[in-house]
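# Topology and contacts: notes
Here's the letter readout for the chains.
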Amino acid sequence: QVQLVESGGGLVQAGGSLRLSCAASGRTFSRYAMGWFRQAPGKEREFVAAINWSGGNTYYADSVKGRFTISRDNAENTVYLQMNSLKPEDTALYYCATEGAMWSWDPKRYASGMDYWGKGTLVTVSS
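In what follows, the accompanying structure is described. (Residues numbered from 1 in each chain as written. Predicted model: local features only at pLDDT ≥ 70, side-chain atom pairs only at ≥ 80, totals over all residues. Heavy atoms only, no water.)

## Considerations on the pattern of salt bridges
This structure, assessed with the given rule, holds six salt bridges. Measuring nitrogen to oxygen at the nearest pair gives 2.3 Å for the salt bridge that ties glutamate 99 to arginine 109. Placement of glutamate 99 in the loop between strand S9 (92-98) and strand S10 (116-117) and of arginine 109 in the loop between S9 and S10 is noted, with a sequence separation of ten residues between them. Overall, arginine 109 belongs to the partly exposed group, its relative accessible area being 31%. For arginine 109, the salt bridge identified is with aspartate 106, shortest N-O distance 3.6 Å. Taken together, the shared-partner salt bridges in this structure form one network comprising Arg38, Glu46, Arg67 and Asp90. (Salt bridge = Lys/Arg side-chain N within 4 Å of Asp/Glu carboxyl O. Helix = DSSP H or I, 4+ residues; strand = E, 2+ residues; numbered from the N terminus. Buried < 20%, exposed > 50% of the residue type's maximum accessible area, 1.4 Å probe, protein only.)

## Describing the sheet that holds strand S3 (residues 18-25)
Judged by pairing direction, the sheet is antiparallel, and its four strands sit side by side in the order S1-S3-S8-S7 without closing on themselves. Single-partner strands in this sheet number two, and they are strand S1 (3-7) and strand S7 (68-73). Looking at each pair of strands side by side, their axes are set apart by 15 degrees on average, direction ignored. When S7 meets strand S8 (residues 78-83), the two strands line up antiparallel, connected through six bridges. If you follow isoleucine 70 over to S8, its bridge partner there is leucine 81. (Pairing = 2+ DSSP bridges. Axes fitted to C-alpha atoms, helices over the stretch in contact; angles between N-to-C directions.)

This is the structure in C-alpha cells:
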C-alpha cells in the first residue's frame, strides 16, 4: 500500500523560504514519478511541480517557475519541494502525490492529478 507523508510546512513571511519533504513507502520509490500539488482556501487543487523517477526531468506550473525546485533522493525514498521568494498567494495546503504506473512520465496529464496522495502540509505566507 502506497503511503505518502508530507512535512515541512509552516508560517513564513513573504520573501522567505520553506522546504517541504514527502516520505514515501509501500513500493519501489525509484520507479515512479512524483509531484506536488496545492489547494488554497476556497480554490480548486492545482498542480505545482513534478519529477520523473530518476530526477532527470522536472516540470513546473508557470506560477512557481523560477521560485520552486522539486528534487528527489531515491536512496531516502523522499521527494522535496524547495520554495523560495514565497508570496502570500502561495498560501495553501500542499500535497505530495505519485504516479500509479511504473516508468511513466506524462507531465501534461498531471494537471488533472496523480494516482496516490498524501494528507498534506499547510504553508502560510504572511504579507
